Amino acid sequence: VSHSQTRQCEIRAKRKYINKGDAAAIETELLRDYKFGQQQLIELWGQACALAITKAYPLSALSKKQPTVLVICGPDQNGSIGLVCARHLRIFDYEPTVYHPKRSSHSLHQDFTIQCEKMDIPFLSYLPTEVQLINDAYNLVIDAMLGLEADSSNIKEPYSGILVTLKQIKIPIVSVDVPSGWDAEEPSQDGINPEVLISLMAPKKCALNFSGKHFLAGRFLPYDIQKKYELNLPDYAGTDCLLEL
Amino acid sequence: QAYPLSALSKKQPTVLVICGPDQNGSIGLVCARHLRIFDYEPTVYHPKRSSHSLHQDFTIQCEKMDIPFLSYLPTEVQLINDAYNLVIDAMLGLEADSSNIKEPYSGILVTLKQIKIPIVSVDVPSGWDAEEPSQDGINPEVLISLIAPKKCALNFSGKHFLAGRFLPYDIQKKYELNLPDYAGTDCLLEL
């Protein structure tokens, strides 16, 4: 192990990888004390996710004729972030398609859904189980299904079925915050294997040795929160709202 | 983009953000917060706080980022010229009645007409009629139009930006906006 590799390990070790409790506490403080709105946070994260995807998979580098992207959205906040991400990808001239099996009754989630529909983003009514159909139709899959609030030991349908499919596809997966199906605090042994992870606010414990491309989104996080939770976040460049870890 | 950190003339990257009580002012507050994140040093002057809860939320977000709020604006123009690199005018937007501007905004506009540092206006330069270029109003160096440029900006001679890439295509078509294309992943463009 060379000296520079050791140094990289040291730098990475100083960075805080947060657990579920810290992540929930930070978000509660943002909403309750800092008076950020839920819609505001989701919009900021969703936009940053879309930007990360344009960096990791620029339009010119996509292999298929059409710049198609499949965005799989869950019912909770992670799914809402996926919807906002899809909308921004559409604006950036990608062709996102949303698969949104269980729609939340939460009004904010419904608003984000309508915003996508009004941008002519197609919504699939079912996900093909034949993996080759997905491999052929899309350049990549955005996994915005299950976030920190999910219980990875008890994943119900339809998500368990979707995860089975995702483990077999050949095209890259981009996961939002926590790869769906992973325990937020432990790297996964047999879960889905995303090529890109976009951590929100701070990387989670499960991402400690993530070997793919790892982005951090959440430049808006107030300094006082960063200090309080000892996040030791790296500096963002210029006016970028995301950075690569 | 218009005033990069490296190009600012004063030692500290100070910016004065003057916020009105309505949506234009809220936009100013969010702008100030992002400027703080981009390592500028914004100071907000916010004479009349709206009771609207969203506006109050944006105010608290700024306060929690350690952005100073002035309790009054110096009438001595040189103090403003010396302390700040530029002024963001986020006072009066489209909803304002330019023929009937009340205090404290009328007084602030008098001050702004005399300052030497650049003014950046959000959407409509405060005090201008939204549909007519102004004869004797404030003279911003930069205008940031929201969604689409307004009639009053027809012959605007300064730097003119357009913000609002998120505008759905159907609305653009319906109102025949004929907006130019945004580059790459930019959320604003220079007209």
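Keep in mind that what you see is a predicted model, and the values were worked out from it rather than measured.

Rules of the game
Residues numbered from 1 in each chain as written. Chains lettered and ligands numbered in written order. Predicted model: local features only at pLDDT ≥ 70, side-chain atom pairs only at ≥ 80, totals over all residues. Heavy atoms only, no water. Pairing = 2+ DSSP bridges. Helix = DSSP H or I, 4+ residues; strand = E, 2+ residues; numbered from the N terminus. Contact = heavy atoms within 4.5 Å. Axes fitted to C-alpha atoms, helices over the stretch in contact; angles between N-to-C directions. Core = buried A, V, L, I, M, F, W, Y, C linked by side-chain atoms within 4.5 Å. Buried < 20%, exposed > 50% of the residue type's maximum accessible area, 1.4 Å probe, protein only. UniProt positions renumbered as here; feature names shortened; annotations may be inferred. Phe/Tyr/Trp six-rings, centres within 6.5 Å; stacked < 30°, edge-to-face > 60°. Buried area = accessible area lost by both parts, 1.4 Å probe. Salt bridge = Lys/Arg side-chain N within 4 Å of Asp/Glu carboxyl O. Expected span 1.5 Å × (residues − 1).

Residue and element names in this part refer to chain A. Overall, mixed pairing links the eight strands, which are arranged β3-β2-β1-β4-β5-β6-β7-β8 in an open sheet. In the strand order of this sheet, the two ends are held by β3 (123-124) and β8 (242-244), each with one partner. Bridge count between strand β6 (residues 196-200) and strand β7 (residues 213-217): five bridges; the pairing is parallel. Note on β7: the bridge partner recorded for L200 is A217. Packing against the sheet, helix α7 (residues 159-166) makes contact with β1 (68-73), β2 (95-99), β4 (140-144) and β5 (173-176), and its axis sits at approximately 145° to β1.

With 109 residues, the main nonpolar core has I26, L30, I72, L166 and I198 of chain A as its most contacted residues. Sorting elements by how many residues they give to this core places helix α3 (residues 38-56) of chain A first, with eleven residues.

Here we take up the UniProt feature "domain: YjeF N-terminal" (unreviewed entry) in chain B. Taking the numbering used here, the UniProt-annotated feature "domain: YjeF N-terminal" (unreviewed entry) corresponds to residues 1-179 of chain B. What you have in residues 1-179 of chain B is 26% helix and 18% strand, and the ends, taken at the C-alpha atoms, are 20 Å apart.

The subject of this paragraph is the UniProt feature "domain: YjeF N-terminal" (unreviewed entry) in chain A. Taking the UniProt record as the reference, the feature "domain: YjeF N-terminal" (unreviewed entry) is found at residues 23-233 of chain A. Helix makes up 36% of residues 23-233 of chain A and strand 15%, with an end-to-end C-alpha separation of 14 Å.

Quick look at the sheet that holds strand β5 (residues 119-122) of chain B now. All names here are of chain B. In space, the eight strands of this open sheet follow the order β3-β2-β1-β4-β5-β6-β7-β8, with mixed pairing throughout. For this open sheet the edge positions go to β3 (69-70) and β8 (188-190), each flanked by a neighbour on one side alone. Across five bridges, the pairing between strand β6 (residues 142-146) and strand β7 (residues 159-163) is parallel. Each residue of the ladder has a partner; that of S145, found in β7, is L162. Sitting on the sheet, helix α4 (residues 105-112) is in contact with β1 (14-19), β2 (41-45), β4 (86-90) and β5, with an inclination near 145° to β1.

Residue and element names in this part refer to chain A. Counted by the stated rule, this structure contains two aromatic pairs over all chains. Between F36 and F220, the ring centres sit 5.8 Å apart and the planes meet at 50°, which makes this aromatic pair tilted. Taken together, the residues span a long stretch of sequence, with F36 in the loop between α2 (20-32) and α3 and F220 in the loop between β7 and α8 (223-228) at a distance of 184 residues. Judged by its relative accessible area of 5%, F220 is buried. These aromatic residues form a ring-pair network of at least three members: F36, W45 and F220.

Accessible area lost during the coming together of the parts is what is often quoted as the interface size. The interface is formed by 22 residues belonging to chain A together with 19 residues belonging to chain B. When chain A packs against chain B, close to 1,900 Å² is buried across both sides, 59% of that on carbon and sulfur atoms. Broken down residue by residue, the surface that chain A buries against chain B is led by K35, I91 and Y223 of chain A, which jointly contribute 27%. For the interface between chain A and chain B, the tally reads zero salt bridges.

Another aspect to go through is helix α1 (residues 23-37) of chain B. Along an α-helix, a turn takes 3.6 residues, which lines up residues three or four apart on a common side. All names here are of chain B. With 15 residues, α1 should cover 21 Å at 1.5 Å per step; its first-to-last C-alpha distance of 21 Å lies within 8% of that length. Listed in full, the buried residues belonging to α1 are N24, G25, S26, G28, L29, A32, R33, L35 and I37. In the stretch just after α1, D39 is the one whose phi turns positive, near 75°.

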